[in-house]
Structures are given as C-alpha cells and as structure tokens.
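Reading the structure
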Amino acid sequence: MSASSRFVLRWGRWSLVCERRSLWLNVTFFALILLGSTVSLMLGRMQIGADAIWQTLNGQAPTRAIEHILIDIRLPRLLVTIGAGAALGASGAVFQSISRNPLGSPDVIGFTAGAATGALIWIIVFGGSGANVVLASLMGALLTGGVVYFLARKDGHVSAYRLVLTGIGIGAVLHAINALLLVKGHIDLAISANLWLAGSVDGRDWGHVWPLWLGLTVLIGPMLIGMRPLGWMEMGDDLAGPLGVPVEQVRRWMLLAALVLAGLATSATGPIAFVALAAPQLARRLTRAPTQPLIGAALFGACLLLGADLLTRIAPFDWTMPIGQVTGIIGGLYLSWLLLGNRL
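Cut-off values and rules
Residues numbered from 1 in each chain as written. Predicted model: local features only at pLDDT ≥ 70, side-chain atom pairs only at ≥ 80, totals over all residues. Heavy atoms only, no water. Helix = DSSP H or I, 4+ residues; strand = E, 2+ residues; numbered from the N terminus. Buried < 20%, exposed > 50% of the residue type's maximum accessible area, 1.4 Å probe, protein only. Contact = heavy atoms within 4.5 Å. Areas by Shrake-Rupley, 256 points an atom, 1.4 Å probe, with all protein chains shown as cover. Expected span 1.5 Å × (residues − 1). Phe/Tyr/Trp six-rings, centres within 6.5 Å; stacked < 30°, edge-to-face > 60°. Axes fitted to C-alpha atoms, helices over the stretch in contact; angles between N-to-C directions. Parallel < 35°, antiparallel > 145°, perpendicular 65-115°, else oblique. Left-handed = near helix turned anticlockwise from the far one by under 90°. Core = buried A, V, L, I, M, F, W, Y, C linked by side-chain atoms within 4.5 Å. Salt bridge = Lys/Arg side-chain N within 4 Å of Asp/Glu carboxyl O. Polar contact = N/O pair within 3.5 Å; in protein donor to acceptor, adjacent residues only side chain to side chain.

**Some points on the overall build of the protein**
- Per the secondary structure count, the protein includes 13 helices and four strands.
- Per-residue burial over the protein gives 49% buried out of 344 residues.
- Within the protein, contacts between residues at least 6 apart in sequence are counted, and of these 71% link residues at least 24 apart.
- Accessible surface for the protein amounts to roughly 17,300 Å². Of this, 67% is attributable to carbon and sulfur atoms.

Now the structure itself:
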C-alpha cells in the first residue's frame, strides 16, 4: 500500500499508523452513531425535539418531565445500546483474529452461553435480580472462558482449531443446561429469565451503563496495542514467535480482555446474536484492512445494535420485538447470503 494512502502520528517512542480509508470510514461510522443517537433520544411516547435535547444535555431542561425522560430513561438506554454494540464488535474482532476463523465470535464458541448460564443460575436458582445479574453473568462468561482455554491447551499452547471446537462443544453443553434451568425452574422466575434471554435494552438504567463503559474505557487501549502482534499471529505461531511476539502471553491476555467485554455486554443487554460475528467482518471488508480493525469493528458494532434498536421502535402495528431477536434474524439472513454466494 502506498505511503500516500496512510499517515503516521508519532509521540516519543510511540507511533500510530492509520490508513486514510479506514479513518474516513470510522468518521462515517461515528457520524452515523451521532445521527442515530439523536433519533433515539427523540423517539418515544413523548416526542422531544432536538433543541430540547440539546438544552437538557446542557443542564437547562425546558421541563422536569423532559429532564426525567431523557436523563433517567432514554439516555441510559442509548448508552447501553452503543456500549454493548461496541464491546461486542471489539470482542468479535479479537476472537476472530485469535481463532483465524470468521465464525470465531463469542456467541458461536460458547462464551455468551456461559454468561447466560451465570445469569440464569442467579435468577432461577437464587431468585436474584437487578445489578447482581450483571455480576453473575460476567462471572459465568469468565468461568466459561477459563474452562475453554484450559481444555483447548495441548503441549503448553492453544491452537486456533482446538479453541473453536472446544468452545462449540462447551457452548452446546451450556445451552442444554440453560434449557434445563428454564424447564425445571419456578414458572415466574423462568418467565423473567426467558425475557432476559431474549436480549433487550428496555428499562436499562445507569447501573447498567457504568460497568459497561468502564470496561470499554479501560480495555480498548491495551487491546488496540495488542492487535498488532495478533496480526502477526494470524500468519501462524511459528512465524510470530521469531518476530519477538510472546505468543501465549498475547493470546491469553487478549482473550481475557475480549471475554470481559463480551461478558459486560451480555450482562447489560442479555444475549445479543450476530453483532460480534458480523461487525468485524463487515468492517474489515469496508476498510480493506489486512488485519482485524478493532476500532472499526467497535464503531460498526455500535451502528448495528443502534440500528436494530431503532428498527424495533419504529416497527409497524405496535410490534414489540426484543433487540436480540432482531439481530438474530438479520444474522441468519447474513450467513445465508455468505453461504449462497460462496463467500465464507
């Protein structure tokens, strides 16, 4: 690629190389997020204009009712939607890079099922709810990731092939456990758990926002640094090792960071299909990047989930559709298109 198609920012011993096409596409994704956010804040039973939104965000709300609706109801929902989409997109980019497989997303190889198992155990077995569901879901994802990682180890290292197969196997077991919990649990608790499993951003509050955005703020920077050695590892561990890449250490910590992001997103919204699978692939196709574009995948994931949320809110005939089911339908159509076009 020619030097004119990229630019470099240097700061001491650090440098950032950015492709111009990737930069402009990321700016476009960001602009779409801003546009969708404005529409999202305006939609609802009470129509609120853009000027009232701007005044409220500046601390000069026209009325107390508008302030309550925007700050306590619509803004947390919006931030959870954007944050969960970004977390799933970034997590999917890391998983697909490590597994060297376009199907290597956390929802396909079992980690999202582990998060769901943790939440279901807390809801059905212990009758819990509220913020503790977030913690239980995150713990379920982390425990699942640990089990998959250690079962996939052979001779001191983890191969991409074994990681994907082990994850699919553990995911199948966890899906069966989840179904058993729903069948054997008390009917009221099972209904509550089933609503959580549908995936939704309705009724989200600031207690869901802070853990998700704290995780994004802390982890995105280190993950961005780790994407370069991951790109070398896509050529094979035998080639990355002589280049000075501590292969197992990079794989272990990047898996942990991606797992935490996937767990935080799932705990905030419930299981969301398709986003972690498709956002990295579509971002990579659009940017034509040689490796997984972490920032592009995060921004595109936020666009996808925000678009799905807006679609559920403007659906005709007052249909109420959980956002997780909408993304699942879109994901199934997308995979069918890939298979029919022999693109996968």
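Back to the text.
**Details of unusual backbone geometry**
- Unusually for a residue other than glycine, Phe-274 sits at a positive phi of about 80°.
- With respect to the element layout, Phe-274 can be found in the loop between α10 (247–269) and α11 (275–287).

**Looking at α11**
- The end-to-end C-alpha separation of α11 is 17 Å, in line with the 18 Å expected for 13 residues at 1.5 Å each.
- Burial analysis of α11 places 10 of its 13 residues in the buried class, the great majority of the element.

**A few points about the packing of aromatic side chains**
- In this structure the tally under the stated criterion is four aromatic pairs.
- When the ring of Phe-95 is compared with that of Phe-111, the centres are 5.0 Å apart and the planes differ by 25°; the resulting orientation is stacked. Remark: Phe-111 occurs in helix α4 (residues 111–125) and Phe-95 occurs in helix α3 (residues 64–99); sequence separation between them is 16 residues.
- Accessibility expressed as a relative area gives 1% for Phe-95, which makes it buried.

**Regarding the packing of α11 against helix α12 (residues 294–313)**
- Here α11 crosses α12 at 120°, and the two axes come no closer than 8 Å. Judged by the inter-axis angle, α11 sits oblique to α12. Like other packed secondary-structure pairs, α11 and α12 cross with a definite hand, here right-handed. Facing α11, whose interface residues are Val-275, Ala-279, Pro-280, Leu-282, Ala-283 and Leu-286, α12 presents Gly-296, Ala-297, Phe-300, Gly-301, Leu-304 and Leu-305.

**Comments concerning the nonpolar core**
- Ranked by internal contacts, the top residues of the largest apolar core, which has 81 residues, are Val-94, Met-223, Leu-230, Met-254 and Leu-261.
- Looking at this core, the element that brings in the most residues is α3, giving 16 residues.
- Residues contacting Val-94, with those up to four places away along its chain left out, are Met-223, Met-227, Leu-230, Met-254, Ala-258 and Leu-294.
- Core analysis: the next-biggest nonpolar cluster, separate from the first, contains nine residues, Ala-116, Leu-120, Leu-181 and Trp-196 among them.

**Regarding the environment of Arg-77**
- Within the secondary structure, Arg-77 is located in helix α3.
- Classification of Arg-77 by relative accessible area gives buried; the value is 16%.
- Between the alpha carbons of Arg-77 and Val-201 there is a distance of 5.9 Å; along the sequence they are 124 residues apart.
- For Arg-77, the residues in contact, after removing those within four places along its chain, are Val-201, Asp-202, Arg-204, Asp-309, Thr-312 and Arg-313.

**Regarding the side chain of His-208**
- Structurally, the position occupied by His-208 is in helix α8 (residues 206–233).
- Look at His-208 and you get buried, because its relative accessible area is 17%.
- Contact partners of His-208, with chain neighbours within four places excluded, come to Val-80, Val-134 and Ala-268.

**Thoughts on the pattern of salt bridges**
- Tallied over the entire structure, the rule returns four salt bridges.
- Between Arg-313 and Asp-309 there is a salt bridge, and its shortest N-O distance comes to 3.6 Å. Here the residue Arg-313 and the residue Asp-309 both occupy positions in helix α12, the gap between them amounting to four residues, near one helical turn.
- Bridged by salt links that share partners, the residues Arg-77, Asp-202, Asp-309 and Arg-313 form one connected network.

**Focus: the environment of Arg-313**
- Looking at Arg-313, the relative accessible area reads 25%, which means it is partly exposed.
- As for Arg-313 and Ile-323, which are separated by 10 residues in sequence, their C-alpha atoms are 9.6 Å apart.
- Not counting residues up to four positions away in its chain, the partners in contact with Arg-313 are Ser-40, Leu-43, Gly-44 and Arg-77.
- A polar atom in the side chain of Arg-313 sits 3.0 Å from the backbone oxygen of Leu-43.

**Observations concerning the environment of Ala-276**
- With respect to the helices and strands, the residue Ala-276 is situated in helix α11.
- Residue Ala-276 is classed as buried on the basis of its relative accessible area of 1%.
- Considered as a pair, Ala-276 and Gly-301 are 25 residues apart in the sequence and their alpha carbons are 7.2 Å apart.
- Discounting residues that sit within four places of it in the chain, Ala-276 has contacts with Leu-88, Gly-92, Gln-96, Ser-105, Pro-106 and Asp-107.

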